[in-house]
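Letter by letter, the chains look like this.
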Amino acid sequence: MKKTRRKFSSEFKAKVAIEALKERQSLPDLALKFEIHPTQIAKWKKDFIENASAAFQVSGSKEDAEQVDVDQLYSKIGRLEIERDFLKKSLKKTGLL
């Protein structure tokens, strides 16, 4: 029988990592409590610590990315309008419109 892999949500991983950071219980105790291997808890704890600075990043970079997307969309709209006008003129010349 094939055993399927368990998938954990990011909320669950964060909860386990925070419990490990509190150090109220040992890793083996936490492993029993959450039914996962102690090595996995240690990895999640390490990842949590390494990526903790992302929680405090300034959100200005996201706004800049959205502004770039808006500029691209406006330029695309302009190109499409030019193409549409060209096609309208071509159809009028041929008498189809």
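An account of the accompanying structure is given in this report. (Residues numbered from 1 in each chain as written. Predicted model: local features only at pLDDT ≥ 70, side-chain atom pairs only at ≥ 80, totals over all residues. Heavy atoms only, no water.)

Turning our eyes to something else, we now look at the packing of aromatic side chains. Within the structure shown, the criterion is met by four aromatic pairs. Taken together, a centroid distance of 5.2 Å and an interplanar angle of 20° make the contact between Phe8 and Phe12 stacked. The class of Phe8 is partly exposed, set by a relative accessible area of 27%. For Phe12, a relative accessible area of 21% gives the class partly exposed. Summarising the aromatic geometry, the rings of Phe8 and Trp44 are spaced 5.3 Å apart at their centres and angled 75° between planes, so their arrangement reads as edge-to-face. Placement of the pair is Phe8 in the segment before α1 (10–22) and Trp44 in helix α3 (residues 38–50), with a sequence separation of 36 residues. An aromatic cluster of at least three residues, connected via ring pairs, comprises Phe8, Phe12, Phe34 and Trp44. (Phe/Tyr/Trp six-rings, centres within 6.5 Å; stacked < 30°, edge-to-face > 60°. Buried < 20%, exposed > 50% of the residue type's maximum accessible area, 1.4 Å probe, protein only. Helix = DSSP H or I, 4+ residues; strand = E, 2+ residues; numbered from the N terminus.)

Evaluated as defined, the whole model comprises five salt bridges. Linking Lys45 and Glu23 is a salt bridge whose minimum nitrogen-to-oxygen distance equals 3.7 Å. Pair noted here: Lys45 is in helix α3 and Glu23 is in the loop between α1 and α2 (27–34), with a separation of 22 residues, a long-range link. Residue Asp85 is joined to Arg84 by a salt bridge in which the shortest nitrogen-to-oxygen separation is 3.5 Å. (Salt bridge = Lys/Arg side-chain N within 4 Å of Asp/Glu carboxyl O.)

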